[in-house]
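Notes for the structure review
One letter stands for each residue in the lines below.
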Amino acid sequence: MHILRIFGWSFAVTAVVIAGAGVLGGGQAAALVAILAVLEISLSFDNAVINATVLGRMSPAWQRVFLTLGVLIAVFGMRLIFPIVVVALTAHLNPYDVFDLAVNHSDQYAAKLHAAHPAIAAFGGIFLFMIFLDFMFDNERDVQWLRWLEEPLRKIGALDVIPIVIALVALLVVGEAFSDGHTEQVFVAGVAGLAVYLAVSGLGEFFESRGIGAEDDDDGEGKPATAGGASTAALATGKAAFFLFLYLEVLDASFSFDGVVGAFAISQNIFVIAAGLGIGAMYIRSLTVFLVRQGTLSEYVFLEHGAHYAIGALAVILAVSIENDVPEIVTGLIGVAFIGLALLTSIRHRRHKADEGGSSDESTTAEPVGASS
């Protein structure tokens, strides 16, 4: 019943949308929607893990907003409207003309969207790369997965500016060496992605650090439930939660851009693409809430690490894809590999703690991988 409460809407929408696609477009359309949904879920599991780390800081009310309004933004905004806006900006067309191309001349729309890929990859790549860098250089992070790598970076992270410097240097290298003649486009989009990341994440942290929107409610709505169901500390509401919500939406966009472009290899019907990717987006959101409610990240302490390594790899893949075609299966397998390894080492860690007679949920005092022989 707990799973049905979280995934119920996803199950229902899947059945309705695939059935509707079958009625309107026949069996082929229904099959394409299902394939695109599976593709989106397989490519975005690491997105769900990262989402869960942010959503866990938000109140239950804002978690519901993420599941309702957030789904609408993800399905109609990021996977239908936003690609049209991107094409309009990069091709210097008005949105109505682009929409007409998408509906009536899907091959031309797909070509223009493909031409916008350098900007899409630069924006999304630098945003994801900053998430990876901020995690790796977080000098307050106690739990480590690959200690030989993470411990030196954690110490260097005492200098807060390091991630920004590395990101800018990486953008310069990509723009000059791997932009395939789209240097200016890559630079502008990359700087925009960096600015959006710094603005949204910075404002969220600003309001959280000052306790704005993190008041305790009498009914406990403002307190997070731990794995055992106990409330521990105030969760973000108000302005703090709003900017965390925006952060999640931009994060989702960064993950979805490449999937939207790649989806045209399966279908050129924008409504089929939006339907399939939208179903996948709903499952990712439901999975995010499931991870939060079950306390999975506390139980499997290295899952967050694996997701961040997968995000770092995806950022590199986006940079490479500016000049070279990267199969979607490569992107998906790399993410699954990192998540799988992180899950296996987390299970091994839990068993090791249990054998020692300690609590397997002591995420803040977990022994780093490589800490002992």
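Residues numbered from 1 in each chain as written. Predicted model: local features only at pLDDT ≥ 70, side-chain atom pairs only at ≥ 80, totals over all residues. Heavy atoms only, no water.

**Re the overall build of the protein**
Applied cut-off: The helix count covers DSSP runs of H or I at least four residues long, the strand count covers runs of E at least two residues long, and both are numbered beginning at the N terminus. Exposure is judged per residue with a 1.4 Å probe applied to protein chains only, and the accessible area is read against the type maximum: over 50% gives exposed, under 20% gives buried, and values in between give partly exposed. Any two residues whose heavy atoms approach within 4.5 Å at even a single point are treated as in contact.
Scanning the protein from N- to C-terminus turns up 15 helices and 0 strands. Within the span of the protein, comprising 373 residues, buried residues form 48% of the whole. For the protein, long-range pairs separated by at least 24 residues make up 77% of all intrachain contacts whose partners lie at least 6 apart in sequence.

**Thoughts on the nonpolar core**
Short version of the rule: Nonpolar cores are built from buried Ala, Val, Leu, Ile, Met, Phe, Trp, Tyr and Cys residues. Side-chain atoms within 4.5 Å join them into one set.
Within the largest apolar cluster, 96 residues are counted, with the highest numbers of intra-cluster contacts made by Tyr-109, Leu-128 and Ile-131. In terms of residue count, helix H7 (residues 117-136) provides more of this core than any other element does, 15 residues in total.

**Things to note about helix H12 (residues 270-294)**
As a reminder, the rule being used: Multiplying 1.5 Å by the helix residue count minus one yields the expected span of that helix.
Relative to the 36 Å expected for 25 residues at 1.5 Å per residue, H12 spans 36 Å between its end C-alpha atoms, a close match to the ideal helical length. For H12, the tally of buried residues reaches 20 of 25 residues, placing the bulk of the element in the interior. Just downstream of H12 lies Gly-295, where phi reads positive at about 65°.

**A closer look at a nonpolar patch on the surface**
The criterion, for reference: A patch is a set of surface residues, each over 30% in relative accessible area and not in a salt bridge, joined within 9 Å for like charges and within 5 Å for the nonpolar side chains Val, Leu, Ile, Met, Phe, Trp and Tyr. The protein chains shown are the only cover counted for residues, whose accessible areas, like all others here, come from Shrake-Rupley with a 1.4 Å probe. One side-chain nitrogen of Lys or Arg within 4 Å of one carboxyl oxygen of Asp or Glu is enough to make a salt bridge.
Nonpolar side chains collect at one region of the surface, where Leu-69, Leu-72, Phe-76, Ile-81, Phe-82, Val-85 and Leu-89 lie side by side and expose about 650 Å² of accessible area between them. By the element assignment, Leu-72 lies in helix H4 (residues 69-91).

**Some remarks on the confidence of the model for the protein**
This is how the line gets drawn: Within a predicted model, pLDDT stands for the predictor's per-residue confidence, ranging from 0 to 100.
When pLDDT is averaged along the protein, the result is 79; 85% of the residues meet or exceed 70. At the level of individual helices and strands, the protein shows its lowest average pLDDT in helix H11 (residues 238-263), which scores 76, and its highest in helix H9 (residues 162-177), which scores 91. Low pLDDT, under 50, characterises residues 213-233; the stretch is placed with 36 contacts to residues that sit more than four places away or in other chains. pLDDT under 50 marks residues 359-373. Its contacts with residues more than four places away, or in other chains, come to 29 contacts.

**What to know about the pattern of salt bridges**
Taken as a whole, this structure holds 4 salt bridges when the rule is applied. A salt bridge links Glu-151 to Arg-154, with the nearest nitrogen and oxygen atoms 2.9 Å apart. In this pair, Glu-151 and Arg-154 are both assigned in helix H8 (residues 147-156), 3 residues apart and thus about one turn of the helix distant. Measuring nitrogen to oxygen at the nearest pair gives 3.0 Å for the salt bridge that ties Arg-285 to Glu-249. Here Glu-249 lies in helix H11 and Arg-285 lies in helix H12, a separation of 36 residues in the sequence. Taking the relative accessible area as the measure of exposure, Glu-249 reaches 4% and is therefore buried. Residues participating in the shared-partner salt-bridge network are Glu-151, Arg-154 and Lys-155.

**Quick word on empty space enclosed by the protein**
If a probe as big as a water molecule is rolled over the atoms, it shows which places are left empty. To keep things clear, this is the line we draw: In this analysis, the protein atoms alone were mapped onto a 1 Å grid. Cavities are point sets where a 1.4 Å probe fits without being able to get out; pockets are open sets with protein on both sides within 12 Å along at least five of seven lines; lining residues have an atom within 4 Å of a point. Grid points are joined across faces, edges and corners, and a volume is the space filled by probe spheres set on the points.
Counted under the stated rule, the structure contains 4 cavities of 30 Å³ or more. Volume-wise, the largest cavity comes out at about 90 Å³. Lining the largest cavity are 14 residues, and of these Leu-43, Asp-46, Ala-310, Thr-331 and Gly-335 lie nearest its centre. If you list the elements that add at least two residues to the lining of the largest cavity, you get helix H1 (2-43), helix H2 (45-55), helix H14 (303-321) and helix H15 (328-355). A per-element tally of the lining of the largest cavity places H15 first, with 6 residues.

**What to know about the side chain of His-305**
The residue His-305 is located in helix H14 in this model. Here His-305 falls in the buried class, since its relative accessible area comes to 2%. With sequence-adjacent residues up to four places away left out, His-305 is seen in contact with Phe-135, Arg-141, Val-143, Gln-144, Trp-145 and Glu-150.

**Here we look at the environment of Ala-88**
Position of Ala-88 relative to the elements: it lies in helix H4. Measuring from C-alpha to C-alpha, the distance between Ala-88 and Lys-112 comes to 9.2 Å, with 24 residues separating the pair along the chain. Discounting residues that sit within four places of it in the chain, Ala-88 has contacts with Leu-93, Asn-94, Pro-95 and Val-98.

**Some thoughts on H8**
Among the residues of H8, Glu-150, Glu-151 and Leu-153 are the ones counted as buried. Where H8 is buried, its residues contact H7 and H14.

**A few points about the packing of H4 against helix H5 (residues 95-104)**
This is how it is decided: Think of each axis as a best-fit line through the C-alpha atoms, taken over the contacting stretch in the case of a helix, with angles from 0 to 180 degrees between the N-to-C directions. Oblique is the label for any angle not covered by the other classes, which are roughly parallel (under 35 degrees), roughly antiparallel (over 145) and roughly perpendicular (65 to 115). Crossing handedness: left-handed means the near helix sits turned counterclockwise from the far one by under a right angle, and right-handed means the same turn made clockwise. Put simply, Ala, Val, Leu, Ile, Met, Phe, Trp, Tyr, Cys and Pro go in the nonpolar bin, Asp, Glu, Lys and Arg in the charged bin, and everything else, Gly too, in the polar bin.
Contact geometry of H4 with H5 gives a least axis separation of 9 Å together with a crossing angle of 120°. Comparing the axis directions of H4 and H5 gives the class oblique. Between H4 and H5 lies a crossing of right-handed hand. Of H5, the residues touching H4 (which contributes Ile-84, Val-87 and Ala-88) are Pro-95, Val-98 and Phe-99. Looking at the contact of H4 with H5 residue by residue, the classes come out as 6 nonpolar, no polar and no charged.

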